[in-house]
Each structure stands twice: as C-alpha cells, then as structure tokens.
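For reference, the chains in residue letters:
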Amino acid sequence: YFCRHGERWELQLKGSGKTPYSRNGDGRAVLRSSVREFLCSEAMHYLGIPTSRAASLVVSDDDVWRDQFYNGNIKKERGAVVLRLAKSWFRIGSLEILAHSGELDLLRRLLDFIIQEHFPSIAMNDSNRYLELFSTVVSETANLISLWMSVGFAHGVCNTDNFSLLSITIDYGPFGFMDSYDPNFVPNTSDDEKRYKIGNQASVGQFNLSKLLQALKPLLDPRQKQLASQILKGYGEHYYSRFTELFKTKLGLLGENENDNYLIAFLLKVSLLC
C-alpha cells in the first residue's frame, strides 16, 4: 500500500516475474507493451476516465521471448517492469473463483473487506449490502464503458478477470484507439472471432455483470436475487443514457430534444461510411 493525502493506493509490479497467479506464463513483460501501458494509463487519467496509473517504468537486461502477432514467429525482445497503482486490483474474477470453488465464507469475508475499504456509502450492518454493491458496480461499469466509447477506446480483452470491481480501466494489454469510427474495430490480433470488438464492449460488460451476479447469488436471499436481476436489466438504460449524454456534450447539444438520439446515430453512420 502507498498512502498519499489520506488516500490509499495499491502498488503492483507488472512484468517482474512469476507469481502464484501466473498460470503457465513467465510473468514477464516486454518493453513495447510496458511503454504503451505507461503512456495510455496516464492519457486515460487526463481524459477523465477512471483508470489505474503508472508510477515508473524500468527496463530489464533480461531477454523475453514473445510471438507478437501469434503467427509462430517467436522473437527475442527487451524486458521491462511497470510499477502501476490503483485504489484496488480486485476484479469480478476475484469473486467468481471463490464462488465457483464453493468457498462461500471466504467470499463473504472478501466482499465485506471490499465494501469496508472502497464503498463507504454502504453500511456494513445493512443486510442488503451485497445488493447495494452490485447496484453500484452495474451503474459504474455502464459509465466506464460509455467513457471508453466516447474516446474510441477498445480494451481488447474484456473478460471478467480484466473488469475492476471499482469500475476503473485496468490491465492494458492489446488495447487500441480507433482512428475513425468502426464498430468492428479489434485491437487484439488474437481475437479472431472479434468477441471483444469495440462495438461489443457494452454487451460484454453486461455479460460480465451477469457473471458477477452469479457469483453473488449464493449469498443472496430469494428477494435479493429478484431485485438483483432487475438491477442487471437496467444496465442497458444506464449505458444508453450516459452514452447519449457524453455524445451530446461532444456535439454541443443543450437541453433535451427528441431528435438528439437520431442525430447521434446518423453522424456515427456517416462516419462509418466516410
């Protein structure tokens, strides 16, 4: 942990080597991807988009072998380590793995810790605290992906292990920015099925939230499960409302007009044709 001005940040080294969570990888990072993460996470911060931050980048003398384009052409590259910061590195996947393995007591303890540390508006003695947490994550995830779309940012790997419970942008891997509007834009050369194309980000966000709900269900009573399902159904409305608000601001549209949504859709379609 690192404390500054009363705020607490979690420090994490990316590319320093194997950890208990490295699976079959070597836990290393190459210089090119490390520079990209450093620059983009800082750019996203100054664009006003919730994100992890980069504190430092150190070049390593060790060689790292990588197949950059996943075409069987493995090359030796320079390694690097990024010191990155976030208020928390807990992800949807952090809860999924506990629910999947049936470790419900540990799941409950972890949820209470996350709420106590990062969601001060939720009372710890509230029997609906997990429901309140889910509602917050749903609305904030919709906001985050709307912000991504407002700057043409495609994350590249939007699985549950890369979705923050604090709804911040984390794990900059094969990300990219669109040069021109294209809903089929894919920055990940290994995503042959275009699962995570930029036009799918909103729906993938909803899918990940459904997995979060699935992880929470063992701790919810029947009434809470029903309410949580209704909250998840409201995700699309949250996203669409925020998306529209952001694009109206871009266009300088003031007030409410029934033709605003049509104009936004029309301009995006024109951009696609250009």
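Residues numbered from 1 in each chain as written. Predicted model: local features only at pLDDT ≥ 70, side-chain atom pairs only at ≥ 80, totals over all residues. Heavy atoms only, no water.

Looking at an unreviewed UniProt entry, one finds the protein chain named Selenoprotein O, with Sterrhoptilus dennistouni as its source organism. As recorded by UniProt, the Cofactor (unreviewed entry) comment attached to the protein chain reads in full: "Mg(2+)". UniProt, in its Sequence similarities (unreviewed entry) section for the protein chain, records the words "Belongs to the SELO family." (UniProt positions renumbered as here; feature names shortened; annotations may be inferred.)

1. Quick look at the overall build of the protein chain
Secondary structure assignment for the protein chain yields eight helices and six strands. In the protein chain, the succession of helices and strands from N to C terminus is β-β-α-β-β-α-α-α-β-β-α-α-α-α. Over its C-alpha atoms, taken along the principal directions, the protein chain stretches across nearly 55 × 55 × 40 Å. Burial statistics for the protein chain: of 274 residues in total, 41% are counted as buried. Nonlocal contacts in the protein chain, meaning residues at least 24 apart in sequence, comprise 61% of its contacts between residues at least 6 apart. (Helix = DSSP H or I, 4+ residues; strand = E, 2+ residues; numbered from the N terminus. Buried < 20%, exposed > 50% of the residue type's maximum accessible area, 1.4 Å probe, protein only. Contact = heavy atoms within 4.5 Å.)

2. What about helix α5 (residues 201-216)?
If you check α5, its first and last C-alpha atoms are 23 Å apart, about what 16 residues at 1.5 Å a residue would give, namely 22 Å. Its buried side turned inward, α5 meets α2 (92-100), α3 (104-118), α4 (129-150), β5 (153-154), α6 (222-233) and α7 (235-251). (Expected span 1.5 Å × (residues − 1).)

3. Topic: unusual backbone geometry
For S167, which is not a glycine, the phi torsion comes out positive at approximately 55°. Owing to a relative accessible area of 5%, S167 belongs among the buried residues under this scheme. You will see that D171, though not glycine, has its phi angle at about 60°, which is positive. Positionally, D171 belongs in the loop between β5 and β6 (176-177).

4. Details of the packing of aromatic side chains
Geometry of an aromatic ring pair is reported as the spacing of the ring centres plus the angle between the planes. Inspection of the entire model under this criterion finds 10 aromatic pairs. Relative to F266, the ring of Y262 lies with its centre 6.2 Å away and its plane at 20°, an arrangement referred to as stacked. One end of the pair is Y262 and the other is F266, both in helix α8 (residues 260-273) and four residues apart, which spans about a single turn. Judged by its relative accessible area of 41%, F266 falls in the partly exposed class. Linked through ring pairs, W148, F153, F163, Y172, F175 and F177 together constitute an aromatic cluster. For K87, the ring lying beneath its charged end belongs to W9, and the centroid distance is 5.0 Å. (Phe/Tyr/Trp six-rings, centres within 6.5 Å; stacked < 30°, edge-to-face > 60°. Lys NZ or Arg CZ within 6 Å of the ring centre and 35° of its normal.)

5. With respect to the pairing of strand β4 (residues 75-86)
In terms of strand pairing, strand β2 (residues 7-14) meets β4 through five bridges, oriented antiparallel. Residue pairing for β4: E10 is matched across the bridge by A86. Examined bridge by bridge, strand β3 (residues 53-66) and β4 share 10 bridges and lie antiparallel to one another. Across the sheet, V64 pairs through a bridge with E77, a residue of β4. (Pairing = 2+ DSSP bridges.)

6. Regarding a nonpolar patch on the surface
A contiguous nonpolar patch, built from L251, Y262, L263, F266, L267 and V270 and spanning about 510 Å² of accessible area, is present on the exposed surface. Top element by residues in the nonpolar patch is α8. It accounts for five residues. (Patch = residues over 30% accessible without salt bridge, like charges linked within 9 Å, V, L, I, M, F, W, Y side chains within 5 Å. Areas by Shrake-Rupley, 256 points an atom, 1.4 Å probe, with all protein chains shown as cover. Salt bridge = Lys/Arg side-chain N within 4 Å of Asp/Glu carboxyl O.)

7. Concerning the domain arrangement of the protein chain
Along its sequence, the protein chain is carved into domain 1 (10-86) and domain 2 (92-251). Spacing between the C-alpha centres of domain 1 and domain 2 amounts to 23 Å. Counting from both sides, the interface comprises 19 residues of domain 1 and, opposite them, 18 residues of domain 2. Carbon and sulfur atoms make up 62% of the area that domain 1 and domain 2 hide from each other, which totals about 1,400 Å². Linking domain 1 with domain 2 are one salt bridge. Taking the shortest distance from any N to any O, the salt bridge between R84 and D171 comes out at 3.3 Å. Where domain 1 touches domain 2, the interface holds eight residue pairs in polar contact (both at pLDDT 80 or more). (Domains from an automatic or database assignment. Buried area = accessible area lost by both parts, 1.4 Å probe. Polar contact = N/O pair within 3.5 Å; in protein donor to acceptor, adjacent residues only side chain to side chain.)

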